[in-house]
Amino acid sequence: MSATAERREPAGPGPELARTAAVFLLVTLASVLLLAGLDAVPSLLKGEDRHVRSVASVQEAERRLGTRLVLPGYFPDTLRWPPAAIRVQVSPPAVALDIQSREGAPRMVLAERVGADEPPPAPLLPQATSLGASTVAVGKRPGKLGRVIGPDGSVWNELTWLAGDHRMVYRSTGSVDELLKMARSARESP
């Protein structure tokens, strides 16, 4: 044998590298799909929009949104605190707090959207049919006060106004005076 016949050139990366890359891509794709599916499971089980998350406290909502919430300083003793539910949507940033009466019935929704002069999106604040509205002062800011028919078929009072870069929407089955007093006391949480 000659010296050149005994020396073989190592085989190039060719088919082995292509097969390894294909397996890597398939495993990565399968992992991404699995994680996306697992991410959707809690929302499906709760019957929520997958971009909406329930949180345990106002502080957690603020942490997720990266901003302080605008909350009423006045809170009547006819309502329960803490909220029965707090739902957050990070994009677009918005939050809704469901408030119950002392007896446990749905009574009020405090909702706000951050950074846009638009109401919170429908997953947080369901669409309602307007029965008319008029302009009202919320402190030094103009607001709109009206009555709406909610998705449950009942009539709610609704007050909307802009507080800084937060579009506020308060809906309540309580009195207009109570709603206005709460809104006029609203400030960023401490």
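Since we're looking at a predicted model, the values are computed, not measured.

Things to note about the side chain of Thr160
Here is step 1: In this structure, Thr160 sits in strand E8 (residues 155–163).
Here is step 2: Setting aside chain neighbours within four positions, we find Thr160 in contact with Gly143, Lys144, Arg167, Met168 and Val169.

Describing the packing of aromatic side chains
Each aromatic ring pair is described using two quantities: the centre-to-centre distance and the angle formed by the ring planes.
Here is step 1: Counting across every chain of the model gives two aromatic pairs.
Here is step 2: Ring centres of Trp161 and Tyr170 lie 4.9 Å apart, and the angle between their planes is 80 degrees; this geometry places the pair in the edge-to-face category.
Here is step 3: The buried category is assigned to Trp161, whose relative accessible area is 0%.

Notes on the sheet that holds strand E1 (residues 52–55)
Here is step 1: Read across the sheet, eight strands follow the order E1-E3-E4-E5-E9-E8-E7-E6 without closing on themselves; strand pairing throughout is antiparallel. Two strands close off the open sheet at either side, each with one partner strand: E1 and strand E6 (129–138). Adjacent strand axes in the sheet meet at a mean angle of 20 degrees when their direction is disregarded.
Here is step 2: Sheet topology note: the strand E7 (residues 141–149)/E8 ladder contains seven bridges and is antiparallel. Bridge pairing links Val148 to Trp156 in E8.
Here is step 3: Packed onto the sheet, helix H3 (residues 58–65) meets E1, strand E3 (85–89) and strand E4 (94–100) and runs at close to 0 degrees relative to E3.
Here is step 4: Against the sheet, helix H4 (residues 176–184) touches strand E5 (106–114), E6, E7, E8 and strand E9 (166–172), its axis set at about 20 degrees to E8.

Thoughts on the pattern of salt bridges
Any two side chains of opposite charge can pair, on the condition that their charged atoms come close.
Here is step 1: Following the criterion strictly, the structure yields nine salt bridges and no others.
Here is step 2: Here Arg64 and Glu60 are joined by a salt bridge, their closest N and O atoms 3.4 Å apart. Pair noted here: Arg64 and Glu60 are both in helix H3, with a separation of four residues, about one helical turn.
Here is step 3: One salt bridge in this structure joins Glu158 and Arg171, with 2.5 Å as the shortest N-O distance. In this pair, Glu158 sits in strand E8 while Arg171 sits in strand E9, placing the two residues 13 residues apart along the sequence.
Here is step 4: Because the salt bridges share partners, they merge into one network encompassing Glu60, Arg63 and Arg64.

Reading the values: rules and limits
Along each chain, the written sequence defines residue order, and numbers are assigned to residues from 1. Two thresholds apply to this predicted model, a pLDDT of at least 70 for residue-level local features and 80 or more for giving and counting side-chain atom pairs, whereas whole-chain, interface and lining totals are computed over all residues. The basis for every side-chain value is the complete set of heavy atoms in the structure, and neither hydrogens nor water enter the calculation. Helix and strand labels come from DSSP, where a helix needs a run of H or I of at least four residues and a strand needs a run of E of at least two; each type is numbered from the N terminus. Only heavy atoms matter for contacts: two residues are in contact if any of them lie within 4.5 Å across the pair. Aromatic rings from Phe, Tyr and Trp, with only the six-membered ring used for Trp, were paired whenever their centres fell within 6.5 Å, and each pair was classed as stacked if the ring planes differed by under 30 degrees, edge-to-face if by over 60, and tilted otherwise. Accessibility here uses a 1.4 Å probe with only protein chains present; expressed as a share of the type maximum, an area under 20% marks a residue as buried, one over 50% as exposed, and anything in between as partly exposed. The criterion for strand pairing is that DSSP finds at least two bridges linking the strands in question. Axes here refer to lines fitted to C-alpha atoms; in helices the fit is confined to the stretch in contact. Angles between the N-to-C directions go from 0 to 180 degrees. Whenever a carboxyl oxygen of Asp or Glu lies within 4 Å of a side-chain nitrogen of Lys or Arg, that contact is scored as a salt bridge.

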